[in-house]
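The chain contents come next:
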Amino acid sequence: MKKVISIFVFLLTTVCLAQKATQFVDSVRIVYKIPELSYAVVDSKKVLEIHALGKHSILLNDSATVNDRFHLGSNTKAMTAFIIAKYVEKGKLKWTTRFFDLFPEWKSQSRLEYANITLQELLSHKARIQPFQGENDPEIPNFKGSKKEKRMAFGKFVLTTVPVDIDEENPFVYSNAGYTLATLMLEKVTHKTWEQLVNKVFNKDLKLNVQFSWPENQKNKDTWGHSFENDELIPVPSTTDYHLDYTEPSGDLNCDLKDYIQFIQLNLRGLQGEDNYLKASTYKFIHKGIENYSLGWYNIYENEKELSTHSGTAGTYYTLVHIDRIQNKAYIIFTNSYSIDTKMGVRIVMRKLKEFYENN
């Protein structure tokens, strides 16, 4: 009887928290002019709360659903690192494998400072690679060929650019291009493209539905991304000629919230010591094996908390994920716009969700 009462109290508390949180989140969404905001709070086994609020676009009447797809931006990095980790476990690579061990013929044409960069350093942004985030980038040639061939040409080019200094004050240099170089190492040892490996790991092995670039919003009722120009949100159709300049492995996947939850729960269970698609020891290394920025995740210790966090945007969507490694909870927020208001609204929502759930 006591067990039944406890379960009832837990369910009642969860329902009340969810209702209270949803009302608050939707009010923030409206105030900060976010067309659609989907969010979830989960632990390693359960979905504590999941909601989709708003509309697919400011110009559409289609209501949000939890099946809507969102562009992940740089939250793709954790997924690319996840794929690479699988092939490290298979013995195809080591975290300490040096780039030029696999591409010795490139070494003479590359800058000497990169001579000993490793897979681990590329994924943790400690290889001193230029950021290539769209601002103040070296001018990139217009490479031709398949996506893999373009990545190869871009990788060669990146290794000729001046390295960025790191020191105690700036212990890493966040670099999209570093993830391209790490992906080239993966492609070399597997003889498969990054696109093929995404399909194998996430879609075939894990039975998820992960896709490339922006969500399809012409043939399907789905999210439209929104850019921000002249103080206005501008809907962006999926037919827009969009390119991520050869750094797709760092930020160009999309999926729906339910599938992303499954990916995050794999990580949560791994951090709790469970061997699943990856070994528990691998999850531990991915999330907290390297200070400041580990492999696809910021590794944060503050106020007696341990967090794995990341945000992502390519200018039309904004996503934010926090994993509380001590409390075994994750907070996921997806939006289909990007502006200063969007970022502010999402941060307010994240803070409030944690207030609701950290002690429950």
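Each remark here, short or long, concerns the structure printed above.
Residues numbered from 1 in each chain as written. Predicted model: local features only at pLDDT ≥ 70, side-chain atom pairs only at ≥ 80, totals over all residues. Heavy atoms only, no water.

Caption draft 1: Representation of the environment of Ile 348. Looking at the secondary structure, you find Ile 348 in helix H11 (residues 340-357). Taking C-alpha positions, Ile 348 is 23 Å from Tyr 293, a pair spaced 55 residues apart along the chain. With residues near it in sequence (within four places) discarded, Ile 348 still touches Phe 24, Val 28 and Tyr 32. (Helix = DSSP H or I, 4+ residues; strand = E, 2+ residues; numbered from the N terminus. Contact = heavy atoms within 4.5 Å.)

Caption draft 2: The arrangement of the pattern of salt bridges in detail. Summed over the entire model, instances satisfying the criterion amount to 13 salt bridges. Across the salt bridge formed by Asp 26 and Arg 29, the nearest N and O atoms sit 2.8 Å from each other. Taken together, the residues span about one helical turn, with Asp 26 and Arg 29 both in helix H1 (residues 2-31) at a distance of 3 residues. Since its relative accessible area comes to 23%, Asp 26 is described here as partly exposed. (Salt bridge = Lys/Arg side-chain N within 4 Å of Asp/Glu carboxyl O. Buried < 20%, exposed > 50% of the residue type's maximum accessible area, 1.4 Å probe, protein only.)

Caption draft 3: Molecular detail of the sheet that holds strand S4 (residues 211-212). Strands sit in the order S3-S7-S4 across an open sheet of 3 strands; the sheet is antiparallel. The sheet is open, and its two edges are formed by strand S3 (69-71) and S4, each paired on a single side. Bridge count for S3 against strand S7 (residues 253-256) is 3 bridges, and the pairing is antiparallel. Looking at S7, one finds that Arg 69 is bridged to Asp 256. (Pairing = 2+ DSSP bridges.)

Caption draft 4: Local environment of the packing of aromatic side chains. With the rule as written, the count across this model stands at 27 aromatic pairs. Ring centres of Phe 103 and Trp 106 lie 4.6 Å apart, and the angle between their planes is 35°; this geometry places the pair in the tilted category. Look at Tyr 293 and Tyr 298: their rings are 4.8 Å apart centre to centre, the planes differ by 75°, and that puts the pair in the edge-to-face class. Note on Tyr 293: relative accessible area 0%, which makes it buried. Judged by relative accessible area, Tyr 298 falls into the partly exposed class, the value being 26%. By the ring-pair criterion, three or more aromatic residues cluster together here, those being Phe 70, Phe 82, Phe 202, Tyr 260, Phe 263, Tyr 277, Tyr 283, Tyr 317 and Phe 334. For Lys 77, the ring lying beneath its charged end belongs to Tyr 179, and the centroid distance is 5.8 Å. A cation over an aromatic ring shows up here: Lys 352 above the ring of Phe 24, its NZ or CZ 5.2 Å from the ring centre. (Phe/Tyr/Trp six-rings, centres within 6.5 Å; stacked < 30°, edge-to-face > 60°. Lys NZ or Arg CZ within 6 Å of the ring centre and 35° of its normal.)

Caption draft 5: Layout of the nonpolar core. One finds Phe 82, Phe 99, Phe 202, Tyr 260 and Ile 264 to be the most contacted residues of the largest nonpolar core, which totals 79 residues. Ranked by the residues each element gives to this core, the list is headed by helix H2 (residues 76-89), at 9 residues. Discounting chain neighbours no more than four positions away, the residues touching Ile 264 are Trp 297, Val 321, Ile 323, Ala 330 and Ile 332. Grouped together as the second largest cluster of nonpolar side chains are 20 residues, Val 25, Ile 348, Val 349 and Tyr 357 included. (Core = buried A, V, L, I, M, F, W, Y, C linked by side-chain atoms within 4.5 Å.)

Caption draft 6: Quick look at the sheet that holds strand S10 (residues 305-312). The strand order across the open sheet formed by 7 strands is S2-S1-S12-S11-S10-S9-S8, and the pairing between neighbours is antiparallel. Sheet topology places strand S2 (47-54) and strand S8 (292-293) at the edges, where each strand pairs with a single neighbour. Bridging between strand S11 (residues 318-324) and strand S12 (residues 329-335) involves 7 bridges; their strand directions are antiparallel. Looking at S12, one finds that Tyr 318 is bridged to Thr 335.

Caption draft 7: Focus on unusual backbone geometry. The residue Lys 33 is not glycine, and still its phi comes out positive at about 55°. Overall, Lys 33 belongs to the exposed group, its relative accessible area being 59%. Phi is positive for Ser 213, which is not a glycine, with a value near 65°. Looking at where Ser 213 falls in the secondary structure, it is placed in the loop between S4 and strand S5 (225-229). What makes Ser 213 partly exposed here is its relative accessible area of 22%.

Caption draft 8: Geometry of helix H9 (residues 257-271). Compared with the 21 Å implied by 1.5 Å per residue over 15 residues, the 21 Å span of H9 between its first and last C-alpha is a close match. Remark: Gly 273 follows H9 within two positions and exhibits a positive phi of approximately 105°. (Expected span 1.5 Å × (residues − 1).)

Caption draft 9: Quick peek at the packing of helix H5 (residues 147-158) against helix H6 (residues 176-190). Contact pair H5 / H6: the axes reach a minimum separation of 10 Å and the direction vectors enclose 120°. Looking at the two axes, H5 sits oblique to H6. When the axes of H5 and H6 are compared, the crossing they make is left-handed. For the pair H5 and H6, contact is made by Lys 148, Arg 151, Met 152, Phe 154, Gly 155 and Val 158 and by Ala 177, Thr 180, Leu 181, Thr 183, Leu 184 and Glu 187, respectively. Here the contact of H5 with H6 is built from residues that sort into 6 nonpolar, 3 polar and 3 charged. (Axes fitted to C-alpha atoms, helices over the stretch in contact; angles between N-to-C directions. Parallel < 35°, antiparallel > 145°, perpendicular 65-115°, else oblique. Left-handed = near helix turned anticlockwise from the far one by under 90°. Nonpolar A, V, L, I, M, F, W, Y, C, P; charged D, E, K, R; others polar.)

Caption draft 10: How the structure looks around the environment of Leu 253. In this structure, Leu 253 sits in strand S7. Assessed through its relative accessible area of 0%, Leu 253 is described here as buried. Counting along the chain gives 55 residues from Leu 253 to Val 198, while the straight-line C-alpha distance between them is 9.2 Å. Residue contacts for Leu 253: discarding those within four places in its chain leaves Phe 70, His 71, Leu 72, Gly 73, Thr 76, Met 79, Trp 194, Val 198, Val 210, Gln 211, Phe 212 and Ser 213.

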